[in-house]
Amino acid sequence: MIESILQKVYQKKDLTLEESRIIGDFILSGEANQVQITALLLALKMKGETIEEMVGMVGAVQHLATPIGFTEKNAMDNCGTGGDASQSFNISTTSAFVLAAAGIPVAKHGNRSISSRSGSADVCQELGIVLDISAEQATEALKTVGITFLFAPHVHPNMRYVGNIRKELATPTIFNLIGPLTNPVQLETQLVGIYRRDLVQQVALTLQKLGRKRAIVVNGAGYLDEASLNGENHYALLENNHVTLHTFTPEDVHLQRYELTAIKGGDAKMNAAILLRVLHGEKSAYYDTVLLNSGLGLYANGKVQSIQEGIKLADSLIQSGLALEKLEQLKKFTQGVTQS
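Below is a summary of the structure that appears in this document. Everything numeric here is computed off the predicted structure, so don't read it as measured data. (Residues numbered from 1 in each chain as written. Predicted model: local features only at pLDDT ≥ 70, side-chain atom pairs only at ≥ 80, totals over all residues. Heavy atoms only, no water.)

1. Notes on the overall build of the protein
A tally of regular secondary structure across the protein gives 15 helices and 7 strands. Relative to its length of 340 residues, the protein is compact, with a C-alpha radius of gyration of 19 Å against a globular reference of 20 Å. Projecting the C-alpha coordinates of the protein onto the three principal axes gives extents of approximately 60 × 50 × 35 Å. For the protein, the residues scored as buried account for 58% of the 340 residues in total. Split by element, the accessible area of the protein, about 13600 Å² in all, is 49% carbon and sulfur. Considering the protein, the positive charge centre built from 30 side chains and the negative charge centre built from 34 side chains are found 1 Å apart. (Helix = DSSP H or I, 4+ residues; strand = E, 2+ residues; numbered from the N terminus. Rg over C-alpha atoms; globule rule 2.2 N^0.38 Å. Buried < 20%, exposed > 50% of the residue type's maximum accessible area, 1.4 Å probe, protein only. Areas by Shrake-Rupley, 256 points an atom, 1.4 Å probe, with all protein chains shown as cover. Lys, Arg positive; Asp, Glu negative; His and termini not counted. Charge placed at Lys NZ, Arg CZ, Asp CG, Glu CD.)

Have a look at this one:
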């Protein structure tokens, strides 16, 4: 069966959900060799990934994931796909603390750098957040602090079979697209930034099939996997079991335009410094970009009724020190459980 499924992909034929689940299990169980995995990932990319293929692959990843025992309602994530080659600072990681400050349980899913100089895990570690905590401790952080960092190698240990191949390929694959969708927490809402504008609606429909109640999938101006202040942003809104397409510009939400070079990041040390300046309330292109993405996240969660209302709330959460406090609380929690 595996051989017939592989041949089907090579012939540029779409897989069913079940076939995708089978091929995902084949890869993540360690049965597939490197040549097969490489060929499959490239063939899927060249063919174009479908909703059924993404849902099936997500099912395979989640089936083998480390369980996170958080059952309370309204948990969300704001992890993006990466792969936009923008070398921007860690926007979604910074915004996660703002979302948590709004009282939203944030299960921040992330990894070390694959296509950038500093992944979310790299910057969190630089900030003093301990990554090496158990699933039970991560769950406790989510319950008591209101935010947790789910380090991908810990919650998805079987992804080790594709990690080196993804790095060597140096191009985004289906695992970039589904990465934000594989959070082991049963999320109700989500903000997903993707690097491909042509898949905004498709990823939103995938989230619908995965049971999200409300979500936004955004591709930013300049084709960022974040909302951008560089021009027109495109997003899909999943609401009331329907997906609708929208656009907005910085002017529409009363924010200034910036060139993409204004939000360039660097290594983990530089990006951690940028994050802290933002959470301390220092106004800049970085600050406004976090306001925009936090506002979009608050809107995706349903905490506010518009992006602009979300931006205003995000600004107050940063200026009051509540967002920075969430960072300090998570840092203190993770350091405490590893020292006890």
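2. Remarks on the pairing of strand S4 (residues 189–193)
Within S4, 5 of the 5 residues are buried, leaving the element largely enclosed by the surrounding structure. Going residue by residue along S4, you find Thr189, Leu191 and Gly193 tucked away on one face and Gln190 and Val192 tucked away on the opposite face as well. As defined by bridge partners, strand S1 (residues 76–77) adjoins S4 across 2 bridges and the pair is classed as parallel. Looking across to S4, one finds that Met76 is bridged to Thr189. (Pairing = 2+ DSSP bridges.)

3. Regarding empty space enclosed by the protein
Counted by the stated rule, this structure contains 4 cavities of 30 Å³ or more. The calculated volume of the largest cavity comes to roughly 70 Å³. What lines the largest cavity is a set of 13 residues, and nearest its centre among them are Asn78, Ser92, Leu191, Glu226 and Asn293. Broken down by secondary-structure element, the contributors of at least two residues to the lining of the largest cavity are helix H5 (91–101), S4 and helix H13 (285–301). In terms of residue class, the lining of the largest cavity is built from 4 nonpolar, 7 polar and 2 charged. (1 Å grid on protein atoms, 1.4 Å probe; cavity = no way out; pocket = protein on both sides within 12 Å on 5 of 7 lines; lining within 4 Å. Points joined across faces, edges and corners; volume = space filled by probe spheres on them. Nonpolar A, V, L, I, M, F, W, Y, C, P; charged D, E, K, R; others polar.)

4. Examining the pattern of salt bridges
Counted according to the given criterion, the structure contains 10 salt bridges. Lys47 is the salt-bridge partner of Glu53, the closest N and O atoms lying 2.9 Å from each other. Since its relative accessible area comes to 1%, Glu53 is described here as buried. When its relative accessible area of 16% is taken as the criterion, Lys47 is described as buried. Residues Glu188 and Lys213 are paired through a salt bridge, measuring 3.8 Å at the closest nitrogen-oxygen approach. Here the residue Glu188 occupies a position in the loop between helix H10 (174–178) and S4, and Lys213 occupies one in the loop between helix H11 (200–209) and strand S5 (214–219), the gap between them amounting to 25 residues. (Salt bridge = Lys/Arg side-chain N within 4 Å of Asp/Glu carboxyl O.)

5. Quick notes on the side chain of Glu226
Within the secondary structure, Glu226 sits in the loop between S5 and strand S6 (233–239). At 7.4 Å, Lys108 is the nearest oppositely charged side chain to Glu226, a buried residue that forms no salt bridge. Residues within four places of Glu226 in sequence aside, it is in contact with Ile91, Ser92, Gly193, Val218, Asn219, Gly220, Asn233 and Asn293. (Contact = heavy atoms within 4.5 Å.)

6. Section: helix H7 (residues 135–144)
Along H7, the residues classified as buried are Ala135, Ala138, Thr139, Ala141 and Leu142. Looking straight down H7, one finds its buried side chains confined to an arc of 155 degrees; they lie on one side. Just beyond H7, the residue with positive phi is Gly146, at close to 95 degrees. (Arc of directions from axis to C-beta.)

7. Quick word on the packing of H5 against helix H12 (residues 268–279)
Interaxial distance between H5 and H12 falls to 10 Å at its minimum, and their mutual angle equals 30 degrees. The pairing of H5 with H12 is recorded here as roughly parallel in orientation. In the packing of H5 onto H12, the handedness of the crossing is right-handed. Judged by residue contacts, Thr93, Thr94, Phe97 and Val98 of H5 engage Leu275, Val278 and Leu279 from H12. Grouping the amino acids of the contact of H5 with H12 by side-chain chemistry returns 5 nonpolar, 2 polar and no charged. (Axes fitted to C-alpha atoms, helices over the stretch in contact; angles between N-to-C directions. Parallel < 35°, antiparallel > 145°, perpendicular 65-115°, else oblique. Left-handed = near helix turned anticlockwise from the far one by under 90°.)

8. Quick look at the nonpolar core
Core analysis: the largest hydrophobic core is formed by 75 residues, its most contacted members being Val185, Ile216, Leu292 and Ile307. Considering every element that reaches this core, the biggest residue donor is H13, with 10 residues. Apart from the residues within four sequence positions on either side, Leu292 is in contact with Ala227, Ser228, Leu229, Phe248, Val253, Leu255, Ile307 and Ile311. Among the nonpolar cores identified, the runner-up in size contains 40 residues, and Ile27, Ala43, Val192 and Leu199 belong to it. (Core = buried A, V, L, I, M, F, W, Y, C linked by side-chain atoms within 4.5 Å.)

9. Digging into the pairing of strand S3 (residues 147–151)
Two faces, one strand: in a regular strand the side chains alternate between the faces of the sheet. Of all 5 residues in S3, 5 are buried, a share of seventy percent or more. Every second residue of S3 is oriented toward a common face, with Ile147, Phe149 and Phe151 on one face and Thr148 and Leu150 on the other, all of them buried.

10. Quick word on H11
Considered for burial, the residues of H11 that qualify are Val200, Gln202, Val203, Ala204, Thr206 and Leu207. Residues of H11 that are buried in the fold lie against helix H4 (51–63), S4, S5, S6 and strand S7 (242–248). Just past H11, the residue Gly211 takes up positive phi, approximately 95 degrees.

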